[in-house]
Amino acid sequence: MLATKGYSKDQIVSFKLVNGDEVVAKFVSAENGKFTLSKPCTIMPSQRGLGLIQSVMTSDLNTTIELDSQHVMMHAPTIKEVVDHYIQTTTGITPV
């Protein structure tokens, strides 16, 4: 079993990977040393601050992916400002 800090299904979680990338995604589950995630996006710097880009460019954004925990240095719940940006990026809906 993998410690998940009590993440709930569909909670937006940030992952810092061993290669330096930061990924924001919807949490689906964690078991057998893997995180199952939905709609993963990678943080990218831009002229207007932080931007989000689809992590797996050649895959359907709605496909769930597995992230092996050996590639994760740390993970934590995502701050509200980034959650709002993530929701807008992945759904087109602007949170209030």
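Further up the page is the structure itself.
Residues numbered from 1 in each chain as written. Predicted model: local features only at pLDDT ≥ 70, side-chain atom pairs only at ≥ 80, totals over all residues. Heavy atoms only, no water.

The residue Asp10 is not glycine, and still its phi comes out positive at about 75°. With respect to the helices and strands, the residue Asp10 is situated in the segment before strand E1 (12–17). Phi at Lys39 is positive, roughly 50°, even though this residue is not glycine. Relative to the elements of secondary structure, Lys39 occurs in strand E3 (residues 34–46). Residue classification places Lys39 among the buried residues on the basis of a relative accessible area of 14%. (Helix = DSSP H or I, 4+ residues; strand = E, 2+ residues; numbered from the N terminus. Buried < 20%, exposed > 50% of the residue type's maximum accessible area, 1.4 Å probe, protein only.)

Core analysis: the largest hydrophobic core is formed by twelve residues, namely Tyr7, Val13, Phe15, Leu17, Val23, Ala25, Phe27, Ala30, Phe35, Leu37, Leu67 and Val72. Contributing elements (two or more residues each) for this core: E1, strand E2 (22–31) and E3. For this core, the leading source of residues is E2, giving four residues. In this view, Leu17 contacts Val23, Leu67, His71, Val72 and Met73; residues no more than four positions away in its chain are not counted. (Core = buried A, V, L, I, M, F, W, Y, C linked by side-chain atoms within 4.5 Å. Contact = heavy atoms within 4.5 Å.)

Right, let's get into the pairing of strand E4 (residues 49–54). Relative to E4, E3 runs antiparallel, the two being bridged by six bridges. Its bridge partner lying in E4, Ile43 is registered against Leu52. Hairpin geometry of E3 and E4 is characterised by an intervening segment of two residues between the two adjacent antiparallel strands. (Pairing = 2+ DSSP bridges.)

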